[in-house]
Amino acid sequence: MDNNAPGSGGKGGFGSLFGGSEYSNTELSGVPLTGMSPLSPYLNVDPRYLVQENDEFILPTGANKTRGRFELAFFTIGGCCITGAAFGTLNGLRMGLKETREMGWTKPRNVQILNMVTRQGASWANTLGSVALLYSIFGVAIEKARGAEDDINTVAAGTLTGMLFKSTGGLKGVARGGLVGLAMSGAYALYSNWNHIKSGSSTSNLY
């Protein structure tokens, strides 16, 4: 019988075509693997080298893996402007329909509704964009001054943003704006750390 025939179980086959030799499972069963994990039958490599424990990102020297406040500022400002424009558009449409409900569907009514939508959309986009800009500036400045990034920066930036935004209303306006900013930034900090708080409370209950 020809030992090189397919399925004969000989040492020829495809391995002999490339100058190598094949061994059966019976011949390899006695080979000790002390200190080694079993090799993959498909790749013939140690699987330990295929497991990546750490992220392999190429970052500039001294850069962090997470985006800082300066990088997030552009997203925050743009998102607030878009949100304000969308909300203002819906509010302007509601107000326009309410104020012109006595009029028929004529061109003057359409123009008035369109003007109301445009005015409200631009106003809300400007307002929320200004608030986001102030918050981002305060956040970046406080982070650079303290040299740390934590929830204290968030609460402080929110409080200062509210105080400055309402500074035209006098001391009462400053106090009211500071309280609103403190409440909103505190609620955001609590929401962002809610899972950590829950895990900490569950751990303390075990003891």
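In this text, all values refer to a predicted model and were calculated from it rather than measured experimentally.

Chain-level statistics for the chain give a pLDDT mean of 77 and a share of 64% at 70 or above. Contacts of residues 1-19 to residues separated by more than four positions or lying in other chains number 14 contacts, the stretch itself having pLDDT below 50.

Its 40 residues place the ends of helix H4 (residues 107-146) 58 Å apart at the C-alpha level, agreeing with the 58 Å of an ideal helix rising 1.5 Å per residue. Of the residues trailing H4, Gly147 is marked for its positive phi of about 70 degrees.

Before going further, it helps to examine the layout of surface pockets. The probe, sized like a water molecule, is rolled over the atoms to show the empty space still left. For the largest pocket, the calculated volume is near 1,300 Å³. Mapped by element, the contributors of at least two residues to the lining of the largest pocket are helix H3 (69-99), H4, helix H5 (151-165) and helix H6 (170-192). For the lining of the largest pocket, the per-class residue count stands at 14 nonpolar, 18 polar and 10 charged.

Attention now moves to the pattern of salt bridges. For the structure shown, the criterion picks out 1 salt bridge. A salt bridge links Arg146 to Asp150, with the shortest nitrogen-to-oxygen separation between them at 2.9 Å. Note on Arg146: relative accessible area 39%, which makes it partly exposed. For Asp150, a relative accessible area of 28% puts it in the partly exposed group.

Calculation rules
Within every chain, residues take consecutive numbers counted from 1 along the sequence as written. Local features in this predicted model are restricted to residues whose pLDDT is 70 or higher, and side-chain atom pairs enter the listing and the counts only when it is 80 or higher, whereas totals over whole chains, interfaces and linings include all residues. Side-chain measures here rest on the full set of heavy atoms in the structure, leaving out hydrogens and waters. Every residue carries a pLDDT, the predictor's confidence in it, which falls somewhere between 0 and 100. Any two residues whose heavy atoms approach within 4.5 Å are treated as being in contact. Helix and strand assignments come from DSSP, with helices taken as H or I runs of at least 4 residues and strands as E runs of at least 2, each series counted from the N terminus. The span expected for a helix works out to 1.5 Å for each residue beyond the first. Points on a 1 Å grid, built from protein atoms alone, make a cavity when a 1.4 Å probe fits but cannot get out and make a pocket when they are open with protein on both sides within 12 Å along at least 5 of 7 lines; residues with an atom within 4 Å of a point are the lining residues. Grid points are joined across faces, edges and corners, and a volume is the space filled by probe spheres set on the points. Residue polarity is assigned by list, with Asp, Glu, Lys and Arg as charged and Ala, Val, Leu, Ile, Met, Phe, Trp, Tyr, Cys and Pro as nonpolar; anything else, Gly included, falls into the polar class. Each reported salt bridge corresponds to a side-chain nitrogen of Lys or Arg within 4 Å of a carboxyl oxygen of Asp or Glu. Using a 1.4 Å probe on the protein chains alone, a residue whose accessible area is under 20% of its type maximum counts as buried, one over 50% counts as exposed, and one in between counts as partly exposed.

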